Amino acid sequence: MIADMATLTTVARCAPPNLVVLVINNRSFASTGAQPTAEAGAADLVTIARGAGIAEAVRARDVAEVEAALSRAATTPGPHFAVADVEPEDVRTASSSQAYPFDIVEAAVVFRRALEDRGLVPPSGRLKCVHALSDDSAPPKNPEFSEVIASYCA
């Protein structure tokens, strides 16, 4: 969420009534060495979400508050935004992570395959490109980059 806060303005503008954004907030980038996120300082994601236009934005500090937030999201139109505060992970024991008790790459592949099986994404990992790769009137500035993109686009 920290890396792409502009998403919040899009969510607010489109206002999908059935969308729930649940941020599991440990206030650190555990996967890259536990550097603190902006929320470890003065930033407040709930305030930022509200400022972006998401009225249903809450913070949950325990399981009961998470359940209450999800229950409200299930029974009232959204979009909903909830930040669930959890304790940061000790990177010295990251290999025995409770947050990631599985291989994250394998999980991503399994997730992608499940989306393909349900017809939600194109098969074979190919992407449907929404915009043109380059202007036909000018040569691409980086032809190798364009070739790589083209190899992933249907």
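Residues numbered from 1 in each chain as written. Predicted model: local features only at pLDDT ≥ 70, side-chain atom pairs only at ≥ 80, totals over all residues. Heavy atoms only, no water.

(A) Highlighting the overall build of the protein. On a plain count of helices and strands, the protein comes out with five helices and five strands. When the helices and strands of the protein are read in sequence order from the N terminus, they spell out α-β-β-β-α-β-α-β-α-α. For the protein, restricting intrachain contacts to residue pairs at least 6 apart in sequence, the fraction spanning at least 24 positions comes to 60%. As displayed, the protein has an accessible area near 10,800 Å², and 59% of this comes from carbon and sulfur atoms. (Helix = DSSP H or I, 4+ residues; strand = E, 2+ residues; numbered from the N terminus. Contact = heavy atoms within 4.5 Å. Areas by Shrake-Rupley, 256 points an atom, 1.4 Å probe, with all protein chains shown as cover.)

(B) Summary view of the sheet that holds strand β1 (residues 20–25). Spatially, three strands are ordered β1-β5-β4 in an open sheet, and the strand pairing comes out parallel. Lying at the two open borders of the sheet, with one neighbouring strand each, are β1 and β4 (56–60). Here the strands of the sheet are splayed against their neighbours by 15° on average, with no regard to which way each runs. Of the strand pairs in this sheet, β4 and strand β5 (residues 80–85) are connected by five bridges, and their pairing is parallel. Residue pairing in the sheet places Glu56 in a bridge with His80 of β5. Packing against the sheet, helix α2 (residues 45–52) makes contact with β1, β4 and β5, and its axis sits at approximately 175° to β4. On top of the sheet, helix α3 (residues 63–75) reaches β1, β4 and β5; it is set at about 160° to β4, its chief contact. (Pairing = 2+ DSSP bridges. Axes fitted to C-alpha atoms, helices over the stretch in contact; angles between N-to-C directions.)

(C) Quick peek at the nonpolar core. Counting 11 residues, the largest nonpolar core consists of Leu8, Val11, Ala12, Val23, Leu45, Val46, Ala49, Ile54, Ala57, Phe81 and Val83. Only α1 (6–14), α2 and β5 provide two or more residues apiece to this core. Setting aside residues no more than four positions away along its own chain, Ala49 makes contact with Leu8, Ile54, Ala57 and Phe81. (Core = buried A, V, L, I, M, F, W, Y, C linked by side-chain atoms within 4.5 Å. Buried < 20%, exposed > 50% of the residue type's maximum accessible area, 1.4 Å probe, protein only.)

(D) A look at α3. Taking 1.5 Å per residue, 13 residues should reach 18 Å; α3 reaches 18 Å between its end C-alpha atoms and fits that length. Put simply, Asp62 is the residue that caps the front of α3, since its side-chain oxygen is 3.2 Å from the backbone nitrogen of Ala64. (Expected span 1.5 Å × (residues − 1). Polar contact = N/O pair within 3.5 Å; in protein donor to acceptor, adjacent residues only side chain to side chain.)

(E) Region of interest: unusual backbone geometry. Between Gly78 and the following residue, Pro79, the backbone shows a cis peptide bond with an omega angle of 15°. The phi dihedral of Ala15 falls on the positive side, at around 50°, and the residue is not glycine. Looking at the element boundaries, Ala15 is found in the loop between α1 and β1.

(F) Spatial organisation of the side chain of His80. Topologically, His80 is positioned in strand β5. In this structure His80 comes out as buried when scored by relative accessible area, which is 6%. At 3.0 Å, the side chain of His80 forms a polar contact with the backbone oxygen of Thr76. Once you skip the residues sitting within four places of it in the chain, His80 turns out to touch Leu19, Val20, Val21, Glu56, Arg72 and Ala73.

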